[in-house]
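# A look at the structure
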Amino acid sequence: MTGKRPSAATLVAWQRTHGRHALPWQRTRDPYRVWLSEIMLQQTQVATVLGYYERFLLRFPDVRSLAAAPQDEVLALWSGLGYYSRARNLHACARAVIEHHGGSFPNSSAALAKLPGIGRSTAAAIAAFCFGERTAILDGNVKRVLTRALGFGDDLAEAAHERRLWQHAEALLPKTGIEAYTQGLMDLGATVCTVRRPACDACPWSNCCVARAEGRPEAYPVKTRKLKRGRRENSLLLLTSGAQLWLVQRPAPGVWAGLWSLPEFTGDEAVQAFAAQGPGRIEALPHVHHVLTHFDWQLKPWHWQLPPRTAAATRQRIESALPGDGRWFARDEALAAGLPAPVRRLIDQLA
DNA sequence: CTCCAGGACA
DNA sequence: TGTCCTGGAG
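Everything quoted here is computed from the prediction, not taken from an experiment.

## Concerning the protein's contact with DNA strand B
The environment of DNA strand B is made up of 18 residues, and the closest members are Gln43, Gly117, Thr122, Gly140 and Arg144. Within 4 Å of the protein, the contacting atoms of DNA strand B are drawn from sugar and phosphate to the extent of 63%. Here tyrosine 83 contributes a side-chain N or O atom positioned 3.2 Å from a base nitrogen of DNA strand B. At 3.3 Å, a side-chain N or O of asparagine 141 approaches a phosphate oxygen of DNA strand B. Listing elements by their share of the surface near DNA strand B, those giving two or more residues are α8 (120–131) and α9 (140–150). Its residues assigned to classes, the surface near DNA strand B shows five nonpolar, nine polar and four charged.

## Observations regarding the packing of helix α2 (residues 31–41) against helix α3 (residues 46–59)
Two elements in contact, α2 and α3, have axes separated by 10 Å at closest approach and are oriented at 140°. Taken together, the axes of α2 and α3 are oblique relative to one another. In this structure, α2 crosses over α3, and the sense of that crossing is right-handed. Here Tyr32, Arg33, Leu36, Ser37, Met40 and Leu41 of α2 lie close against α3, whose contacting residues are Val46, Val49, Tyr52, Tyr53, Phe56 and Leu57. Taken together, the residues that form the contact of α2 with α3 break down as ten nonpolar, one polar and one charged.

## What about the protein's contact with DNA strand C?
Near DNA strand C you find 20 residues, and of these Tyr84, Trp256, His290, Val291 and Thr293 are the closest. For DNA strand C, the fraction of protein-proximal atoms (within 4 Å) that sit in sugar or phosphate groups is 65%. In this structure, threonine 293 approaches DNA strand C through a side-chain N or O atom, which is 2.7 Å from a base nitrogen. The separation between a phosphate oxygen of DNA strand C and a polar main-chain atom of alanine 341 is 2.8 Å. Broken down by element, the surface near DNA strand C gets its largest block of residues, three residues, from helix α16 (residues 341–349).

## A few points about α9
At 3.6 residues per turn, the α-helix brings residues three or four places apart onto the same side. Most of α9 is tucked away, with nine of its eleven residues classed as buried. Listing the buried residues of α9 in full gives Val142, Lys143, Arg144, Val145, Leu146, Thr147, Arg148, Ala149 and Leu150. Where α9 begins, the capping side chain belongs to aspartate 139, and its oxygen is found 3.2 Å from the backbone nitrogen of asparagine 141.

## Observations regarding unusual backbone geometry
The residue after tyrosine 220, namely proline 221, is reached through a cis peptide bond having omega -10°. Mapped onto the elements of the fold, proline 221 is located in the loop between α12 (210–214) and β1 (230–241). Along the chain, alanine 252 connects to proline 253 via a cis peptide bond; the corresponding omega equals 0°. Relative to the elements of secondary structure, proline 253 occurs in the loop between β2 (244–249) and β3 (260–261). In this model, tryptophan 256 sits at a positive phi of 60°, which is unusual for a non-glycine residue. Structurally, the position occupied by tryptophan 256 is in the loop between β2 and β3.

## Looking at the UniProt feature "domain: HhH-GPD" (unreviewed entry) in chain A
The sites that UniProt annotates as "domain: HhH-GPD" (unreviewed entry) are residues 40–191. Between the end C-alpha atoms of residues 40–191 the distance is 18 Å, and the span holds 66% helix and 0% strand.

## Thoughts on the pattern of salt bridges
Throughout the structure, instances matching the rule amount to 14 salt bridges. Of the charged contacts in the structure, one is a salt bridge between glutamate 73 and arginine 59, with a shortest N-O distance of 2.4 Å. Of this pair, glutamate 73 sits in helix α5 (residues 71–78) while arginine 59 sits in helix α3, and the two are 14 residues apart along the sequence. Across the pair lysine 300 and aspartate 268 runs a salt bridge whose closest N-O atoms are separated by 3.3 Å. Pair noted here: lysine 300 is in strand β7 (residues 295–305) and aspartate 268 is in helix α13 (residues 268–276), with a separation of 32 residues, a long-range link. Of the two residues, lysine 300 and aspartate 268, neither departs from the other in class, the shared state being buried.

## Let's talk about the environment of alanine 69
As for its placement among the helices and strands, alanine 69 is situated in the loop between α4 (63–68) and α5. In the structure, alanine 69 is positioned 26 residues away from arginine 95 in sequence and 9.7 Å away in space, judged by C-alpha atoms. Each residue touching alanine 69, except ones within four places of it in the same chain, is listed here: Arg59, Phe60, Val74, His91 and Arg95.

## Describing the pairing of β2
As paired strands, β1 and β2 are joined by two bridges and run antiparallel to one another. The residue bridging threonine 240 from the neighbouring strand is leucine 245, located in β2. If you look at the hairpin formed by β1 and β2, you'll find two residues sitting between the two strands, and glycine 242 has a positive phi there, around 60°. As judged from the two bridges shared by β2 and β3, these two strands associate in the antiparallel manner.

What counts, and at which threshold
Residues numbered from 1 in each chain as written. Chains lettered and ligands numbered in written order. Predicted model: local features only at pLDDT ≥ 70, side-chain atom pairs only at ≥ 80, totals over all residues. Heavy atoms only, no water. Near = heavy atom within 4 Å. Polar contact = N/O pair within 3.5 Å; in protein donor to acceptor, adjacent residues only side chain to side chain. Helix = DSSP H or I, 4+ residues; strand = E, 2+ residues; numbered from the N terminus. Nonpolar A, V, L, I, M, F, W, Y, C, P; charged D, E, K, R; others polar. Axes fitted to C-alpha atoms, helices over the stretch in contact; angles between N-to-C directions. Parallel < 35°, antiparallel > 145°, perpendicular 65-115°, else oblique. Left-handed = near helix turned anticlockwise from the far one by under 90°. Contact = heavy atoms within 4.5 Å. Buried < 20%, exposed > 50% of the residue type's maximum accessible area, 1.4 Å probe, protein only. UniProt positions renumbered as here; feature names shortened; annotations may be inferred. Salt bridge = Lys/Arg side-chain N within 4 Å of Asp/Glu carboxyl O. Pairing = 2+ DSSP bridges.

What follows is the structure, given as structure tokens:
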């Protein structure tokens, strides 16, 4: 690690002229809005967040309305964004702010970080933007910017190395202008110092960047991933009765916890055996390949349409034999519920 | 199609 | 340290 120290002042000046200023959660110091945007921006790109952010604010204009809502409604608005623990924590955090902080977010990063879903970096971002607190953020974008600028080549998979990078992040903080500096780091990572093909010519730190001097900015950050994905295969039952369909609420903990999904079976034989107990025909739908962090999920959906005049007793027998905690939904009602993305697509495609 | 980025938490 | 999801890039 050699080279001139990256200048915070240079980054601040760059942010003011070349950074982003028109995002809807900028130009407000309302902790509720900043917090909401930061949670959504965890693991999610700006372009995707924009629509969700707007819908959330329309439905939940303040922390009180969010805290008062049932979790189901929060998950419904979050549907499609992924990492649904963020939505559950968002809701829990709103309730904690109401119950333990008199309805106002605490004004220090240390206190913010005690709230559900707010880790060290998110707490620092909120505190910097809303309260001008001089604290370091270190999200994925910033890790990339800093490791490149500093030529920090130690494996971030090791906790000790990550701690050292945090120390660097703190040492680089400006005396004043923490808002523009923090935003500048984010903007640099998002628009210039990108994962592939970084635009070094447009970078305010190009003349001090070690990675650039080495001619291989893409080599940073170094992070060995040892996680190997497993495979899973399940069959899903899309049971419809006229304009109604049957959804089950998935248990917590686990994948898609709290979301509404289709009854899940171990395999095709199990679905077919189940449907064989009742009237009507069952039809295979195209497979859906869904990738999660830790496994590849091969989903094999089957559509079972109950005949129009299926006896009430027969329907009840089927309903009570279905796995999971379910009920009937009208199609529009289902599409307004908290569905995982692939399930939403399946129901969307339903004629 | 395949590959991969991206925070918090138990 | 493994668990959570999705979309964008190539």
